[in-house]
Amino acid sequence: MLFNSVSFLIFFPVVVLGYFAIPEKLKNYWLLIASYYFYMSWQPVYALLILFSTVTTYYCAVFIDKAKTQKQKKLFLASNIVVNIAILCYFKYFNFIVESLLAVFPNLSIAPNNNLLAVVGISFYTFQSLGYSIDVYRGEVEKAKDFLTYALFVSFFPQLVAGPIERSKNLLPQLYKSNKFDYNRVTDGLVLMGWGFFKKLVISDGAALIVNAVYNDVTKFTGIQLIMATVLFAFQIYCDFSGYSDIAIGAANVIGFKLMRNFNHPYFSQNVTQFWRNWHISLSTWFMDYIYIPLGGSRKGRIRTYVNLFITFMVSGLWHGASWNFVIWGAINGAYNVIHRILFGKREQRRRQRIKEGKPVPKTNPAVAVAKAVGTFVLIDFTWVFFRANTMADAMYVLQNLFTDFSLIFTSGYFVQMMEKIGFYTNNGIAIFCCILFMFAVELWEGKSTLVERINKSKWFVRWAFYYTIIILIIFFGYFGQSQFIYFQF
Amino acid sequence: MLKLIGRLLLFLPIFLGMMFVSYRVDPSGLFWGAGFERMVCDYMLQGQYVDGYQQLDGRELNEIYARECEKAPQILVNGSSRTLQIDSSFADGKTLYNAANVGADVYDFFNSYYIFAKESKEPEIFVMGIDPWIFNDGKENIDERSNKEMFNEFLVEIMDYESTEYTPENPMEKYKALLDPSYFQASVDTYFRNQNTENQPEIVPMEEVYNNKDIVKSPDGSIVYDLNFRTRPQETADGDALTASVNDLLRMTDYDQLDPYYTQLFEDFIEYLQQKDIKIIFFLPSFHHYIYWAAQADMGKYHCLFKVEDYIKSTGDKYGIPVYGSYDPDAVGLTNKDFMDGYHMRYESLKKVLPTIE
């Protein structure tokens, strides 16, 4: 069931009304049933997999909690990690591993399994489960009080299929508390959902029509067409994923749960390191806490820090998808971060130290800030080529032809003609760019607060103008073909 | 909760506005029929002659006309383009509507009556322009523009036949479109496209109707062919007929027998109309000599053309229905000069064959 489907428009109000209408002790049962129903609407058989992962992790955590020695704890944690990673590897990476092996050793007697199910959201709930068991092992969180609560923690429908990847210390305690209908909280949630729908239906799905036209047949296009599609993809993926996150966080908020922020204006970032602190925050921090720091983080010398950073980004690339495109995408981002650390690591450290000590930090000139943001965008957009291209060959074609006939764009009519060929005008390309500008204007308006906080501080007519604008833009320019969210495949 | 509902109601104007625009513009013609045809129909109901026939979906127009006209026409004419010139001058002061369709097939034959019947606007007289192919049992029988769903509806609703392909439409179903933002977006597109006058039908002044460069649609549904077509040299018209005669005759190939299902339906339909006291007239529009001779020369292939005429005449006798015209031009005293091409008689020649309808 997609958030942008009629089914969800019926499902969500029913769940919310039911949740507030039933007695307190039944609320979590109700949410659990709703969450499994939500998940099973893709493939009922998926439920078995998530149930298996839930049972395994829950009991491993129970055994970790009861274990008397550190060695026993470690054993239970290791077995839980092995089981969950094995499931993930089998369903997500088996064919990739086999195909890669066959490419190197063509005579091996193994074959890809074409009947393997693509399990929606498996990377998300596996990581959430792993995070929980590691937290229990580290003693950072108590084990779940009962199986029902833990099962709901793993399967909570707003964030089940594409995050945010919640931490047990944030979500689990909320599941023990009672939630009553709260007008302000519900409206805050609805506003965030509306903003998420705007980003998804208007910008992401609109841009997707143009991006897909180019990237599904790249060799037909050159120069400015490839650039336009690549730039639009940067906005498509941002609005798709942050739109999903906003809907998820908003939906959870309506019911009474506070999920972690997943995006913080990433395209305003001044450098690639900052970008990764602001993009898919729940995953970045997950990797930081459970991969980078256990590897030694920055505690084992400079060289080791760079290696750890690089490994973390490589794993992040592989997490996103079972293909070499994603590995290379991760590697480039890893390289960016290592280089940034080498060049600006000390300066960043000093800056953070000053902030920590409460000393004033020199302000960046706005023009320089814009130039840095644009530069960062260009670097990041370069990596999106590998993320979006259907094959490595396509990615290489795009990179080799990005600037073909570039000088011709100053020829009269050439740009318009090139844009017509990728369906820029027929697919509301101009309106999409206007909406992107509107989105950036709203993000600037937000400043350091969240959208909801900013709106709540505004005068009533500003609030209502915002609500009306969002709805009208969705109605006029939204795409209602029920397209998938990009991150569902991960 | 009530406060929330109250606040949500403040968004209602947006959705009501969206529904209003979708309903008024109605890009798919769910509520008002297709836009261009709707405009043509409005002009026709005002008694105007209209240009833009090439863009017109005649079937859609007839449906809209049947729905929008205040009273049932006293005389209803059906058939193909071969009967489309039959106009009110044949009607002896009665009201007439010509619901014939270009490329009409057997579905159109029955649908042209059904569109009026379902609006309870049955005529007093029904002039059936019968082409020989409407009983064709072969695959060439059906025109892609005709409405099979409506035909199945006709079978069930009027003839009380069984049809597995017809499920009664839920009248509320179409209103779902009003809640669909995609329909609203299409409405906005259509609205702005319609602002371009190039896409709109134009009124032809009465005095220009017979001098017009394009086909003109008359307020009674008949058409006036364009000046060039009507006045082109007879050798050109005969040349067209000759070319048509050396090719396969229109929808007459793969025609082994008169389809028993359709002949049975035809007779049941006649009985149904007669029970309703609707007077029936059969009209067989003639073919150019070259076409008719080509059929005579290849009886193995075109024998059904002659069988249909015999069948219509015997059915006329059986039910007491007058039969006018003949596929054979000689039988009704027509010469080559009575034709504009192989299949279409001149307006004046129609007058020779079909008397005033009373």
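Treat the numbers as computed from the prediction; the structure is a model and nothing was measured. (Residues numbered from 1 in each chain as written. Chains lettered and ligands numbered in written order. Predicted model: local features only at pLDDT ≥ 70, side-chain atom pairs only at ≥ 80, totals over all residues.)

Asker: Give a description of the nonpolar core that names residues and reports values.
Answerer: The biggest cluster of nonpolar side chains holds 123 residues, and the ones touching the most others in it are Phe153, Ile203, Ile210, Val211, Val214 and Ala229 of chain A. The element that contributes the greatest number of residues to this core is helix α10 (residues 223–255) of chain A, accounting for 21 residues. Counting 81 residues, the second largest nonpolar core, distinct from the first, contains Tyr53, Ala117, Phe287 and Ala295 of chain B. (Core = buried A, V, L, I, M, F, W, Y, C linked by C-beta atoms within 7 Å. Buried ≥ 20, exposed ≤ 12 C-beta atoms within 10 Å, placed from the backbone. Helix = DSSP H or I, 4+ residues; strand = E, 2+ residues; numbered from the N terminus.)

Asker: I'd love a proper account of the packing of helix α5 (residues 106–117) of chain B against helix α6 (residues 148–157) of chain B, names of residues and values included.
Answerer: Residue and element names in this part refer to chain B. Orientation of α5 relative to α6, taken along the N-to-C sense of each, is 65°, at an axis distance of 9 Å. Relative to α6, α5 is oriented so that their crossing is left-handed. Along its contact with α5, which presents Tyr107, Phe110, Asn111 and Tyr114, the element α6 presents Lys148, Met150, Phe151 and Phe154. (Axes fitted to C-alpha atoms, helices over the stretch in contact; angles between N-to-C directions. Left-handed = near helix turned anticlockwise from the far one by under 90°. Contact = placed C-beta atoms within 7 Å.)

Asker: Any chance you could break down the interface of chain B and chain A for me, citing the residues and the numbers?
Answerer: With ten residues of chain B in contact, the opposing surface of chain A contributes eleven residues. Of all the secondary-structure elements, those providing two or more residues to the side of chain B that touches chain A are α1 (2–9), α2 (12–25) and α7 (181–194) of chain B. No other element matches α7 of chain B, which puts four residues into the side of chain B that touches chain A.

Asker: Let's hear about the domain arrangement of chain A: which residues, and what values?
Answerer: All names here are of chain A. Here chain A is described as being made up of domain 1 (6–180), domain 2 (182–267 + 389–490) and domain 3 (271–363). Each of domain 1 and domain 2 has a C-alpha centre, and the two are 29 Å apart. At the interface, 18 residues of domain 1 touch 18 residues of domain 2. Elements that contribute at least two residues to the side of domain 1 that touches domain 2 include exactly α1 (6–21), α7 (157–160) and α8 (168–176). Residues belonging to the side of domain 1 that touches domain 2 are distributed by class as follows: nine nonpolar, seven polar and two charged. (Domains from an automatic or database assignment. Nonpolar A, V, L, I, M, F, W, Y, C, P; charged D, E, K, R; others polar.)

Asker: An account of α7 of chain B is needed here, citing residue identities and associated values.
Answerer: Between its terminal C-alpha atoms α7 of chain B stretches 20 Å, which fits the 20 Å expected from 14 residues at 1.5 Å a residue. All buried positions along α7 of chain B are accounted for by Tyr183, Phe184, Gln185 and Ser187 of chain B. Where α7 of chain B is buried, its residues touch α20 (460–477) of chain A together with α2 of chain B. (Expected span 1.5 Å × (residues − 1).)

Asker: Before we move on, can you summarise the pairing of strand β8 (residues 279–284) of chain B with the specific residues and values?
Answerer: On a regular strand, each side chain points to the face opposite its neighbour's, so the side chains alternate between the two faces of the sheet. Residue and element names in this part refer to chain B. In this sheet, β8 lies alongside strand β4 (residues 125–129) in parallel orientation, the contact comprising five bridges. The residue bridging Phe126 from the neighbouring strand is Ile280, located in β8. Relative to strand β9 (residues 323–325), β8 runs parallel, the two being bridged by three bridges. Bridge pairing in β9 places Phe283 opposite Tyr324. (Pairing = 2+ DSSP bridges.)

Asker: Can you lay out unusual backbone geometry for me, pointing to particular residues and giving the numbers?
Answerer: Residue and element names in this part refer to chain B. The backbone of Arg251 shows a phi angle near 55°, a positive value even though the residue is not glycine. Here Arg251 is to be found in the loop between α9 (234–246) and α10 (260–275). With 20 C-beta atoms packed within 10 Å, Arg251 lands in the buried category. Notably, Asp277 is not glycine yet its phi reads approximately 60°, a positive angle. Positionally, Asp277 belongs in the loop between α10 and β8. Among the residues examined, Asp277 registers 8 C-beta atoms within 10 Å and is labelled exposed.

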